[in-house]
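Commentary on secondary and tertiary structure
So you can see what is in the structure, the chains are spelled out below.
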Amino acid sequence: MATSLRTPWRAALDSDGDLQRKLAEQRMHSEQLRLLGSAVHVASEGIAIMTPAVEAVGPRIAFVNDGFCVMYGHRRDDVIGQTPEIFGIVQRNQVIYDSLLQHVFEGRPFDAESTARRASGTEFELDLRLVPVENDGQVTHWVAFLRDVTEARHQVASLRHQAMHDGLTALPNRLLFIEALEEAIAKAGEQTGMMVALMLMDLDRFKDVNDTFGHQFGDALLKQVAFRLQNQKTEGDVIARLGGDEFAVLIPVLADQQAAANSARRILNTLEQPFVIERQVLEVGASIGIALFPEHGPDGRTLLRRADVAMYAAKQKQSGYSFHQEDREAPHGDDLSLIVELRSAIERGELTPYYQPKLHMRTGIMTRVEVLLRWDHPVRGQLPPTSFIPLAERTGLIRSVTDVMLNQVLAQCRAWQDEGAPIHVAVNISARSLLDQALPGKIQAALERWSIDPRFLKVEITESSIMADPSHALAILSMLQSMGVRLSVDDFGTGYSSLTHLRELPIDEVKIDKSFVQGMSTSDADAAIVRTIIDLGHNLGKQVCAEGVEDQVTWNMLRDLGCDLAQGFWMARPMPAHELMEWLVETSWGLQLLKR
């Protein structure tokens, strides 16, 4: 009997507990909805809830949050019941609005960017997303998320502009120019008879301006040149600064070759007028190389290479401008075929590093070598760098040559270190490579690939290559120094701005040009120059290396003057890696030196 009395009581108690739990769940659900509603209201982006589209009647606005009202400048009451036209998509983007409606009628999500207009009439960039809300497979509502992305777009556009334009002149840079060139070639290739002209130009006396007045004058001159070039271009033309004093002109729609010649003459005429910078009157000329599509090449890379060769020819002939000619290199020993062969030689591994020892003059110890490339040509025999490096620079192949050299040399440096020979290597970097912004990254990658301490690599650059564009060269050299790479100025004393720029450069070593070293035993003037360079280098905290030592008299003179390092045929000629190791093991030259 007691049991039967307790059972209804427990059932009632359980029922009351279920009711309490359900009420608690409802309160929690209501609280969540309230919090969700508050979050939607205060969200910075615009949020709109729309009814589904019924037959021909489009969706209507049922709710908008505060962010929407702030973004558009509308009152909420004025928005409710409106169609998506209230999103303000401008008329010129009508196709986007039509696509929005089509997606709504088909029940598919929509995502797009468009220009939109506020209530005030001002325009902004809108990022719009529409998401359907479904119940049992039927769309019950649409939720629109709207963001003002004007500032973000402007930032992206600004970053792209910086990446694609020259910082000094604001002209397009090499990257943007090549992009425009390839686009022009593609369009011309679609129509019969269309021609494209590519002009490469550099200033004839720009180096003299930098050497005489300093790089600030040079920068001011480049700005004025850019201004004059811009004034000469016609609609559709592209003017770019490729680096240093090198500019490029693209004429995407050309009537004939004569039209290109006329454009070149107009450019030359405007540059022949004197420039006035800080009350100084400067006169500079220019040399222009011209290559035409499709006559002179099928792609941008080929046109750039051939325009470069044509520019070199114009400079040599002092003709102002010159078109690409297939037989132009014939008078210079079949250089054109050598260029073609050089490309294959890089791929086949025919370029071989040779190593010339550099000795410490006080001890005779050899811990450093200079790398000198040789081309083992299958027909012409071994070719020195002077026969192919200038060609590589003119055609752009110098980048590939530099990449191959760095990889081979650092691989050899790794092998020597593994054998217990911690030899430092010095590589020569050409003027064109020094202006390559990718150079520090390439060197860093090669050092990491072969696990070489940066201190074991020295980069040698000539004084003239630095003076071609001092500000750019200084930036590249500073990056290399920050990586820990050693730096040396080769052929020092042959330039025109030695004393002015030496203290500004982040270098570790000065190399005295061999023309002074070889004459110092017979010429008091050369001996005085060598003495001055050694004293200057030491006073500035630099090591000094003499190159071209070919006899003991010269060696003794250099030692007495306090020169730090020396290299030359008297000690050792450049040799392959395996011969260098034999030389290190077998020669007694260093031991004999200690007795002298």
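Residues numbered from 1 in each chain as written. Predicted model: local features only at pLDDT ≥ 70, side-chain atom pairs only at ≥ 80, totals over all residues. Heavy atoms only, no water.

**Structural notes on the overall build of the protein chain**
Using the following cut-off: A run of H or I in DSSP counts as a helix once it spans at least four residues, and a run of E counts as a strand once it spans at least two, with each numbered from the N terminus. Three exposure classes are used, based on accessible area relative to the maximum for each residue type with a 1.4 Å probe and protein chains only: buried under 20%, partly exposed in between, and exposed over 50%. The contact criterion used throughout is that any non-hydrogen atoms of two residues lie within 4.5 Å. Residue exposure ignores everything except the shown protein chains as possible cover, and the areas themselves are Shrake-Rupley values with a 1.4 Å probe.
From N to C terminus, the protein chain includes 23 helices and 21 strands. Buried positions account for 46% of the 596 residues belonging to the protein chain. Excluding contacts between residues fewer than 6 apart, the proportion of contacts in the protein chain whose partners are at least 24 apart in sequence is 61%. Surface accessibility of the protein chain: about 29800 Å² in total, with carbon and sulfur atoms responsible for 52%.

**Considerations on the pattern of salt bridges**
Note the cut-off: Here a salt bridge means any side-chain nitrogen of Lys or Arg lying within 4 Å of a carboxyl oxygen belonging to Asp or Glu.
The tally for this structure, following the rule as stated, stands at 25 salt bridges. With its nearest N and O atoms 3.0 Å apart, the salt bridge here joins Arg118 to Asp148. Highlighted residues: Arg118 in the loop between strand E3 (110-117) and strand E4 (123-135) and Asp148 in strand E5 (residues 138-148), separated in sequence by 30 residues. Taking the relative accessible area as the measure of exposure, Asp148 reaches 36% and is therefore partly exposed. Within the structure, one salt-bridge network assembled from shared partners comprises Lys358, Glu370, Lys458, Glu460, Glu509, Lys511 and Glu547.

**Things to note about the nonpolar core**
Using the following cut-off: What is meant by a nonpolar core is a set of buried Ala, Val, Leu, Ile, Met, Phe, Trp, Tyr and Cys residues, joined one to another through side-chain atoms within 4.5 Å.
Counting residues in each nonpolar core, the largest one holds 77 residues, and the members touching the most others are Ile443 and Leu558. In terms of residue count, the dominant contributor to this core is helix H13 (residues 398-418) (eight residues). Contact partners of Ile443, with chain neighbours within four places excluded, come to Leu406, Leu457, Val459, Leu480, Met483 and Val485. Residues Phe217, Ile251, Ile267 and Leu292 belong to the second largest nonpolar core, which totals 34 residues.

**Topic: the packing of helix H8 (residues 215-232) against helix H9 (residues 257-272)**
Formally: For every element, the axis is a line fit to its C-alpha atoms; helices are fit only across the contacting stretch, and the angle between N-to-C directions ranges from 0 to 180 degrees. For classification purposes, an angle smaller than 35 degrees is called roughly parallel, one larger than 145 roughly antiparallel, one from 65 to 115 roughly perpendicular, and anything else oblique. Definitions for this section: a left-handed crossing has its near helix turned counterclockwise from the far helix by less than a right angle. A right-handed crossing has that turn clockwise. Residues were grouped as follows: Ala, Val, Leu, Ile, Met, Phe, Trp, Tyr, Cys and Pro as nonpolar; Asp, Glu, Lys and Arg as charged; and all remaining residues, including Gly, as polar.
Running from N to C, H8 and H9 cross one another at 140°; their axes reach a closest spacing of 10 Å. When the axes of H8 and H9 are compared, the pair comes out oblique. Handedness of the crossing formed by H8 with H9: right-handed. Packed against H8, whose contacting residues are Val225, Arg228, Leu229 and Gln232, the element H9 presents Arg266, Ile267, Thr270 and Leu271 at the interface. A breakdown of the residues in the contact of H8 with H9 according to their chemical character gives four nonpolar, two polar and two charged.

**Structural notes on the packing of aromatic side chains**
The cut-off we apply is this: Working definition: rings of Phe, Tyr and Trp (its six-membered ring) pair if their centres are within 6.5 Å, and the pair is stacked with planes under 30 degrees apart, edge-to-face with planes over 60 apart, and tilted otherwise. Geometrically, a charge over a ring is one whose NZ (Lys) or CZ (Arg) sits within 6 Å of the ring centre while staying within 35 degrees of the ring normal.
Summed over all chains, the structure comprises eight aromatic pairs. Geometrically, the ring pair formed by Phe68 and Phe87 is edge-to-face, given 6.2 Å between the ring centres and 65° between the ring planes. Pair noted here: Phe68 is in helix H2 (residues 66-72) and Phe87 is in the loop between helix H3 (76-79) and helix H4 (94-106), with a separation of 19 residues, a long-range link. With centroids separated by 6.1 Å and ring planes inclined at 50°, the aromatic side chains of Trp555 and Trp570 adopt a geometry described as tilted. Linking Trp555 in helix H21 (residues 552-560) with Trp570 in the loop between strand E21 (565-567) and helix H22 (577-586), this pair joins segments that are 15 residues apart in sequence. Aromatic rings pair up to connect Phe68, Tyr72, Phe87 and Phe124 into one cluster. For Arg374, the ring lying beneath its charged end belongs to Tyr354, and the centroid distance is 5.6 Å. A cation over an aromatic ring shows up here: Arg573 above the ring of Phe569, its NZ or CZ 4.0 Å from the ring centre.

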